[in-house]
Amino acid sequence: MSDMMWAGRFTKQIDERVNDFNSSIKFDSRMYRSDIFGSVAHAQMLGECGIIESSESEKIIAGLKDILDDIETGKLEFEPSAEDIHMFIEAELTKRLGNTGKRLHTARSRNDQVALDIRLYLRDEIKAVKACCIELAEAIISIAKEHTLTVMPGYTHLQRAQPITFAHHILAYAQMLIRDIGRLDDTYKRTNALPLGSCALAGTTYPIERERVCELLGFDEVMENSLDGVSDRDFCIELASTLSILMMHLSRFSEEIILWCSWEFKFVELDDAYATGSSIMPQKKNPDVTELIRGKTGRVYGDLNTLLVMMKGLPLAYNKDMQEDKEAIFDALDNVKLCLKTFIPMLKTMRVNKENMRAAAAKGFINATDCADYLVKKGMPFRDAYKATGTLVHICIEKGLTLEALPIEDYKAVCASFESDVFDAISLEACVMQRKSQGGPAPDAVKEQIEKLEERLGEIS
Ligand code: ARG
């Protein structure tokens, strides 16, 4: 009992089960670097403000750095029965420095300390996720450059709709990633505010200088209300939401790759290193990576929900419920990074089957809109042209032909304006080439899109 930090107030040893239940060191030990970084800045400020002797501040800083080294070199292991990473490091410091170590926690509480540590930890993690997003966007762009002429069907309702190119299709995901990066930057801004100095909830009577700590830790601003400083977890929720949207994008991309890998499509083939076999069916090659990403998306949404529900009924300021924030946000981050890091090489090594894409584009009358547009260009109102083309499609279905193969006489029977140049107008290549509008699939429009994407990525990284 004597080794419990609050032993003075209590007459009994804590129940072992409560100690285990209460302890967060299993999952918060990963924040040891942030904890030490924050404590070093705090100790420096305490010394500079004369709240503790500067010689003691120096000793504390040196002691903290030794602890960091010892953790990183494996000399010091986390004590599983410690309450959390903050108590563990403080106890270790005191073990090493005696009374001097006990002075570190002046003008500070674990409530502002933990809020600080999570922010410091998440700052680095946001940067790491952002780097992965940039890498993925770049990988997509380099694949797109190879496929500006690779015609494939574009779909709505998963029905063949109009012809596009593979470059055009996958660049849609690069656009989503650019927005994800924007959301990460935005989340970073609100994460990068200093809660330390809020203390337990009501600030402190010591003459602390929060601006100095803010500067030492590279924060953009000091949080202005001490109650808010210790009880705000918006930044965790915001990050989980940003990550959920990112996973939604990755999951949609995964779903398409799953479809494209199927024998019904055969638009792409995964490299053997990024696919799995079956224990019973010798012919199988399964896209497990993409399926797992689709599955893990639900898990990241779950983490967002955990955080939202955890916070919704909490009175100000700190409540122990908030200890649950870390497992949720860490799980979301770990999984997002894992997914991105596996998805990127899988995508880079994926083979694109241009012939199958082209063959699929040739079926399904995806040039019907272009056939109607042909009549419009001859002066017919679009609605009439639409109807005439619908009749042609009907005839084609009855005869088992494509629009390209239907004799010109059949065209003329439906509408006298048709000439044999209709076949040029409805060739798949022409259909793609003519879609030159900004953002469209024509190779020049796609090249312009790529240039802009590269410009934006250049500004980001
Ligand atoms: N382990 C705690 C957490 O993660 C640290 C803060 C504890 N504060 C307290 N007053 N018990 O939230």
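Keep in mind that what you see is a predicted model, and the values were worked out from it rather than measured.

Asker: Explain unusual backbone geometry here, please?
Answerer: Comment: phi is negative for the bulk of residues other than glycine, and the bulk of peptide bonds are trans. Residues Leu 316 and Ala 317 are joined by a peptide bond in cis, for which omega reads 5 degrees. One non-glycine residue, Cys 199, lies in the positive phi region at around 60 degrees. Relative to the helices and strands, Cys 199 is located in the loop between β3 (193-194) and α9 (210-217). In this structure, Phe 365 takes a positive phi of about 55 degrees despite not being glycine. When you line up the elements, Phe 365 lands in the loop between α14 (354-362) and α15 (368-377). Using a relative accessible area of 22% as the deciding quantity, one classes Phe 365 as partly exposed.

Asker: What is the right way to look at the site of the ligand in this model?
Answerer: Neighbouring residues of the ligand: Ser 24, Asp 84, His 86, Arg 110, Asn 111, Val 114, Tyr 318, Gln 323 and Lys 326. Contact distances for the ligand include 2.9 Å between a nitrogen atom and a side-chain N or O atom of Asp 84. Between the ligand and Asn 111 there is a distance of 3.0 Å, counted from a nitrogen atom to a side-chain nitrogen or oxygen. Coverage of the ligand by the protein chains reaches 87% of its 340 Å² of free accessible surface. Take the shell around the ligand: its biggest share by element is three residues, from helix α7 (residues 110-146). A class-by-class count of the residues in the shell around the ligand yields two nonpolar, four polar and three charged.

Asker: Before we go on, may I ask you to explain the nonpolar core in this structure?
Answerer: When a protein is soluble and globular, its nonpolar side chains tend to lie buried together. Counting 111 residues, the largest nonpolar core has Ile 140, Leu 243 and Ile 257 as its most contacted members. A total of 17 residues in this core trace back to one element, the largest contributor, which is α7. For Ile 140, the contacting residues outside a window of four places in its chain are Ile 170, Leu 171, Tyr 173, Ala 174, Leu 177, Phe 253 and Leu 347. Cys 396, Leu 403, Ile 408 and Phe 418 belong to the second largest nonpolar core, which has 20 residues in total.

Asker: Got a minute to help me understand helix α4 (residues 54-72) in this structure?
Answerer: In an α-helix, one turn spans 3.6 residues; hence positions three or four apart end up facing the same way. Between the first and last C-alpha of α4 there are 27 Å, a value that for 19 residues agrees with the 27 Å anticipated at 1.5 Å per step. Buried within α4 are the following residues: Glu 56, Ser 57, Ile 60, Ile 61, Gly 63, Leu 64, Ile 67, Leu 68, Asp 70 and Ile 71. Those residues of α4 that are buried lie in contact with α3 (32-48), α5 (85-97) and α6 (99-102). Looking one or two residues beyond α4, the residue adopting positive phi is Gly 74, at roughly 80 degrees.

Asker: Before we go on, may I ask you to explain the environment of Asp 117 in this structure?
Answerer: Along the polypeptide, Asp 117 turns up in helix α7. Judged by its relative accessible area of 0%, Asp 117 falls in the buried class. Not counting residues up to four positions away in its chain, the partners in contact with Asp 117 are Met 31, Ser 34, Asp 35 and His 86. Within the structure, Asp 117 has its side chain in polar contact with the side chain of His 86 (distance 3.1 Å).

Criteria and cut-off values
- Residues numbered from 1 in each chain as written.
- Predicted model: local features only at pLDDT ≥ 70, side-chain atom pairs only at ≥ 80, totals over all residues.
- Heavy atoms only, no water.
- Helix = DSSP H or I, 4+ residues; strand = E, 2+ residues; numbered from the N terminus.
- Buried < 20%, exposed > 50% of the residue type's maximum accessible area, 1.4 Å probe, protein only.
- Near = heavy atom within 4 Å.
- Polar contact = N/O pair within 3.5 Å; in protein donor to acceptor, adjacent residues only side chain to side chain.
- Areas by Shrake-Rupley, 256 points an atom, 1.4 Å probe, with all protein chains shown as cover.
- Nonpolar A, V, L, I, M, F, W, Y, C, P; charged D, E, K, R; others polar.
- Core = buried A, V, L, I, M, F, W, Y, C linked by side-chain atoms within 4.5 Å.
- Contact = heavy atoms within 4.5 Å.
- Expected span 1.5 Å × (residues − 1).

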